Amino acid sequence: MRWCKICFLGMAGLLLAACATPEQKAARAAAEKAAEQKLKLDLAAQCDTRTAELMQAQMQNPAFFSDPANAKIAEEYRQKVNLPIFQSCYRLAWDNYMNQVRLQQAQDWAMQRRWDNDMNWMMFRPRWCRSSHNGRSYVYRC
């Protein structure tokens, strides 16, 4: 295994991600892409199962639109995806998913804050607050 010099400095646990090999980075990128595609298919399946099947076929075949054998299926895919009712349903499913993620994040933050408040009687701990701006969350010292 290859190690870089940064890993042996002070905060090795936080810097291990910088020491990933190209194979590890490629595997991580492939896993992220697979998870993103699965999420897209799950959201589409909530709206229309046939459209989700067509989306899966399109994701698995890079030459989906250019292959003459798939011309009829590709046209059906375009029609299904461009339906306003499917687009609005997909948007609602996406908004629902994002709200669930935000709710889970808020619950995690509330639990962390309760833990911080419980520990304040034992020792001085700097107070860290969390907020978000333009959809990006950040942490600052209050």
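Remember, predicted model here, so these are calculated numbers, not experimental data.

Q: How would you sum up the overall build of the chain? Please name residues and give values.
A: Of the regular secondary structure elements, the chain holds five helices and two strands. Secondary structure elements of the chain, listed N to C terminal, follow the sequence α-α-α-α-α-β-β. Here the chain holds 142 residues, and the buried ones make up 14% of them. The contacts of the chain with a sequence gap of at least 6 include a subset with a gap of at least 24, amounting to 24%. As displayed, the chain offers around 11200 Å² of accessible surface, 58% of which is attributable to carbon and sulfur atoms.

Q: Outline the layout of surface pockets, listing residues and values.
A: A volume near 180 Å³ is recorded for the largest pocket. What lines the largest pocket is simply Met98, Val101, Arg102, Gln105, Trp109, Ser131, Ser132, Gly135, Arg136 and Ser137. Looking at the lining of the largest pocket, the elements that each hand over two or more residues are α5 (84-119), β1 (128-133) and β2 (136-141). The dominant element in the lining of the largest pocket, judged by the number of residues it contributes, is α5, at five residues. Grouping the constituent residues of the lining of the largest pocket by class yields three nonpolar, five polar and two charged.

Q: Describe the state of the cysteines, with residues and values.
A: Applying the stated criterion to the full structure yields one disulfide. Sulfur-sulfur distance for the disulfide between Cys47 and Cys89 comes to 2.2 Å. Residues Cys47 and Cys89 are joined through a disulfide that is left-handed, its torsion about the S-S bond being -95°. In this pair, Cys47 is assigned in helix α2 (residues 22-47) and Cys89 in helix α5, connecting sequence segments 42 residues apart. Cys89 sits in the partly exposed class, given a relative accessible area of 26%.

Q: Give a detailed account of helix α3 (residues 49-60), specifying residues and quantitative values.
A: With 12 residues, α3 should reach 16 Å at 1.5 Å per residue; the first-to-last C-alpha distance of 17 Å fits that figure. Along α3, the residues classified as buried are Thr51, Ala52, Leu54 and Met55. An end-on view of α3 places all buried positions within 160° of arc, on one side of the element. α3 presents Thr49 and Gln60 as exposed residues on the side facing more than 90 degrees away from its buried surface.

Q: Could you give me a rundown of the pattern of salt bridges, with the residues and numbers involved?
A: One pass over the structure, following the stated rule, counts six salt bridges. Across the pair Asp48 and Lys80 runs a salt bridge, and its minimum N-O distance is 3.6 Å. Placement of the pair is Asp48 in the loop between α2 and α3 and Lys80 in helix α4 (residues 71-81), with a sequence separation of 32 residues. Given the relative accessible area of 24%, Asp48 is considered partly exposed. A relative accessible area of 23% places Lys80 in the partly exposed class. Among the charged side chains, a network of salt bridges with common partners joins Arg50, Glu53 and Glu76.

Q: Account for a nonpolar patch on the surface, with residues named and values stated.
A: Together, Trp94, Tyr97 and Val101 make up an exposed nonpolar region whose accessible area comes to about 250 Å². Within the secondary structure, Val101 is located in helix α5.

Q: Which residues make up the pairing of β2, and what values go with them?
A: In terms of residue burial, β2 counts as a barely covered element, since only zero of its six residues are buried. Here β1 hands over to β2 after two residues, with Asn134 in that stretch at a positive phi of 55°.

Q: Summarise the pairing of β1; cite the residues concerned and give the values.
A: Summarising the sheet, β1 and β2 pair through six bridges and their orientation is antiparallel. Across the sheet, the residue bridging to Cys129 is Tyr140, located in β2.

Parameters and conventions
- Residues numbered from 1 in each chain as written.
- Predicted model: local features only at pLDDT ≥ 70, side-chain atom pairs only at ≥ 80, totals over all residues.
- Heavy atoms only, no water.
- Helix = DSSP H or I, 4+ residues; strand = E, 2+ residues; numbered from the N terminus.
- Buried < 20%, exposed > 50% of the residue type's maximum accessible area, 1.4 Å probe, protein only.
- Contact = heavy atoms within 4.5 Å.
- Areas by Shrake-Rupley, 256 points an atom, 1.4 Å probe, with all protein chains shown as cover.
- 1 Å grid on protein atoms, 1.4 Å probe; cavity = no way out; pocket = protein on both sides within 12 Å on 5 of 7 lines; lining within 4 Å.
- Points joined across faces, edges and corners; volume = space filled by probe spheres on them.
- Nonpolar A, V, L, I, M, F, W, Y, C, P; charged D, E, K, R; others polar.
- Disulfide = S-S within 2.5 Å.
- Expected span 1.5 Å × (residues − 1).
- Arc of directions from axis to C-beta.
- Salt bridge = Lys/Arg side-chain N within 4 Å of Asp/Glu carboxyl O.
- Patch = residues over 30% accessible without salt bridge, like charges linked within 9 Å, V, L, I, M, F, W, Y side chains within 5 Å.
- Pairing = 2+ DSSP bridges.

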